[in-house]
Amino acid sequence: MSEFADAGETVVRVARNGDGADRSSQTRPLRGVAVVGLGYWGPNWVRNLYQLRRAERVVACDLDRERCERIRGLFPGVETCARFEDVLEDPDIEGVIIATPVSRHYPMARRVLESGKSVLVEKPLAMSPAEATELVHLAREGGRVLMAGHTFEYSAPVLKIHEVISAGELGEVFYVSSIRANLGLFQHDVNVVWDLATHDISIILMIMGRMPRAVSCHGQSHYRGGVEDVALLALHFARNVIAFIHVSWLDPNKIRRTTIVGSRKMLVYDDTALQEKIRIYDKGVDVHRYYDNFGEFQFSYRYGDIQIPRLEEAEPLKAECEHFADCIHNASTPRTDGLSGLRVVSVLHAANLSLKQGGRKVPVENFLAGAIDERR
Ligand SMILES: NC(=O)c1ccc[n+]([C@@H]2O[C@H](COP(=O)([O-])OP(=O)(O)OC[C@H]3O[C@@H](n4cnc5c(N)ncnc54)[C@H](O)[C@@H]3O)[C@@H](O)[C@H]2O)c1
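Below is a short write-up of the structure. Position numbers for residues count from 1 along each chain, tracking the sequence in the order it is written. With pLDDT at 70 or above as the cut-off, local features in this predicted model cover only qualifying residues; side-chain atom pairs require 80 or more to be listed or tallied, and sums for whole chains, interfaces and linings still use all residues. Where side-chain values are given, they derive from all heavy atoms of the structure, hydrogens and water being excluded.

1. Thoughts on the packing of aromatic side chains
The condition that has to hold: By convention, a stacked pair of Phe, Tyr or Trp rings (six-membered ring in the case of Trp) has centres within 6.5 Å and planes under 30 degrees apart, an edge-to-face pair has planes over 60 apart, and any other such pair is tilted. Residue exposure (1.4 Å probe, protein chains only): buried if accessible area is under 20% of the type maximum, exposed if over 50%, otherwise partly exposed.
Scanning the entire structure with this criterion turns up four aromatic pairs. Consider the rings of Tyr-40 and Trp-41, whose centres lie 6.0 Å apart with planes at 35°: the pair is tilted. Taking the relative accessible area as the measure of exposure, Tyr-40 reaches 63% and is therefore exposed. Using a relative accessible area of 30% as the deciding quantity, one classes Trp-41 as partly exposed.

Structure, rendered in structure tokens:
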């Protein structure tokens, strides 16, 4: 567990078990793990569980029987069912992965925890801080694992960025600028902020190690009234640090790029690049003061080498899957636990309020305090 102590602002705790992986897990496979929701994303979970063999039984569930049939064809041995209740009532199932539409996350995760099982909920954890807080409490009371599906926090480039920033290589972070755009996939029940910006918010909170004080967000809908398909967020942190996030379902190009500008160096992370996803530029501005002319400065620009760190590439979902199984096995706290899910939802909530109020700067409330204090 590492903690970024920082006076006067909300600090994000990043739960850690050494390198995040728990090797003691290889002893016993879990009796059973279920994946609920076999649409676009759920089958990736089934594939990883099937390949990793961390559970004796893998159960895949979807209301749509055709999706169940497809999974049976792809992964022989994986059991399927159409009723969520069958998963809840199955005594062998120790953990459930919820990959249904976002509006179903909270009610389904709640029922999983109430049935005495652990749960991994796809991003975002819930649709409001109140819902997320309730899940945190339920998991605690029942002594079960609650994990938020913040996939990118398990990816090699994001872990490397976290390492680089924590080591002070970039110096003091001035700003982050992130763009995540593509043509589609429109979600039915949430806007582009809840769908795509969730990824960037989870990445930014992880690498910054603290919460923003306020959020402003502008957006527009072009196809479905009231459901924004393009948006621009600004996360305002203490000490003049700002993070911009541009998300769109309506862009001719697939772009997933994050730039981090520090006082010493600058880093660019391009997740669409096949290789060399991270470049660290020894570029910056040096400020010299004219001592004979008080108050005047001279800027000189530094154009140094570009460094490309080697990354141990692995599918983030595989690492996430292993980690969920480890946490159930060892009754340990996930790196992306319920509080981590609540933090992201708190920022999304503030962004949505801002969006509906013409981009007003909305303070990010500290819902975490309640979630943590009530435990005592
Ligand atoms: N981590 C990532 O990188 C990533 C990527 C894409 C999607 N997601 C997340 O995955 C989730 C699913 O997204 P998607 O694009 O696959 O959605 P989708 O609409 O394609 O699939 C959802 C599936 O859930 C099923 N479903 C709904 N209610 C159900 C119920 N009560 N019982 C059983 N099945 C039910 C639907 O029949 C459908 O097949 C969302 O939370 C999304 O945010 C995460």
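2. A few points about the nonpolar core
A general feature of soluble globular proteins is that nonpolar side chains tend to end up buried together. To keep things clear, this is the line we draw: Nonpolar core, defined: a set of buried Ala, Val, Leu, Ile, Met, Phe, Trp, Tyr and Cys residues in which side-chain atoms within 4.5 Å join the residues together. Starting at the N terminus, helices and strands are each numbered in turn, a helix being any DSSP run of H or I of at least four residues and a strand any DSSP run of E of at least two. These domain boundaries are the output of an automatic or database domain assignment. Throughout, a contact is declared for two residues whenever any of their heavy atoms are within 4.5 Å.
Core analysis: the largest hydrophobic core is formed by 82 residues, its most contacted members being Ile-98, Val-193, Ile-201, Leu-233, Leu-235, Ile-260 and Leu-267. Residue contributions to this core peak at 12 residues, all from helix H7 (residues 192-208). Each of two domains, domain 1 (2-152 + 316-338 + 366-373) and domain 2 (153-307), supplies a minimum of three residues to this core. Setting aside residues no more than four positions away along its own chain, Val-193 makes contact with Thr-198, Cys-217, Ala-231, Leu-233, Val-247, Leu-348, Ala-351 and Leu-355.

3. Some thoughts on the pattern of salt bridges
Here is the rule: Only one rule defines a salt bridge in this text: a Lys or Arg side-chain nitrogen within 4 Å of an Asp or Glu carboxyl oxygen.
Taken as a whole and judged by the stated rule, the model has 23 salt bridges. Linking Asp-92 and Arg-57 is a salt bridge whose minimum nitrogen-to-oxygen distance equals 3.0 Å. Linking Asp-92 in the loop between helix H3 (84-89) and strand E6 (93-98) with Arg-57 in strand E4 (residues 55-61), this pair joins segments that are 35 residues apart in sequence. Residue Asp-92 is classed as partly exposed on the basis of its relative accessible area of 27%. For the salt bridge of Glu-134 with Arg-110, the shortest nitrogen-to-oxygen distance reads 1.9 Å. Taken as a pair, Glu-134 in helix H5 (residues 129-142) and Arg-110 in helix H4 (residues 105-114) lie far apart in primary sequence, 24 residues in all. Judged by its relative accessible area of 30%, Glu-134 falls in the partly exposed class. Judged by its relative accessible area of 24%, Arg-110 is partly exposed.

4. A look at the site of the ligand
Quick note on the threshold: Residue proximity to a molecule or strand is established when one non-hydrogen atom of the residue lies within 4 Å of it. Counting of polar contacts relies on pairs of N or O atoms within 3.5 Å, with two restrictions inside protein: one atom must be capable of donating a hydrogen and the other of accepting it, and residues adjacent in sequence are counted only when both atoms are side-chain atoms. Computed with a 1.4 Å probe, the accessible areas rest on the Shrake-Rupley method; for each residue, only the protein chains presented here act as cover. Think of it as three bins: nonpolar holds Ala, Val, Leu, Ile, Met, Phe, Trp, Tyr, Cys and Pro, charged holds Asp, Glu, Lys and Arg, and polar takes everything else, Gly as well.
With respect to spatial proximity, 20 residues lie near the ligand, and among them Trp-41, Asp-62, His-105, Lys-123 and Thr-151 are the closest. In the model, an oxygen atom of the ligand is placed 3.2 Å from a nitrogen or oxygen of the Arg-67 side chain. At a separation of 3.2 Å, an oxygen atom of the ligand approaches a polar backbone atom of Thr-100. Protein burial of the ligand: of its 860 Å² of free accessible surface, 85% is covered by the chains. Looking at the shell around the ligand, its residues break down into nine nonpolar, seven polar and four charged.

5. Looking at unusual backbone geometry
Excluding glycine, most residues fall at negative phi; most peptide bonds, likewise, are trans. A cis amide bond links Lys-123 with the next residue in sequence, Pro-124, at an omega value of -15°. With respect to the helices and strands, the residue Pro-124 is situated in the loop between strand E7 (118-122) and H5. Cis geometry marks the peptide bond from Gly-184 to Leu-185; its omega dihedral reads -15°. Located in the positive-phi region is Arg-239, a residue other than glycine, with phi close to 60°. Secondary-structure assignment places Arg-239 in the loop between strand E11 (230-236) and strand E12 (242-248). Phi is positive for Asn-240, close to 65°, though the residue is something other than glycine. Tracing the sequence through the fold places Asn-240 in the loop between E11 and E12.

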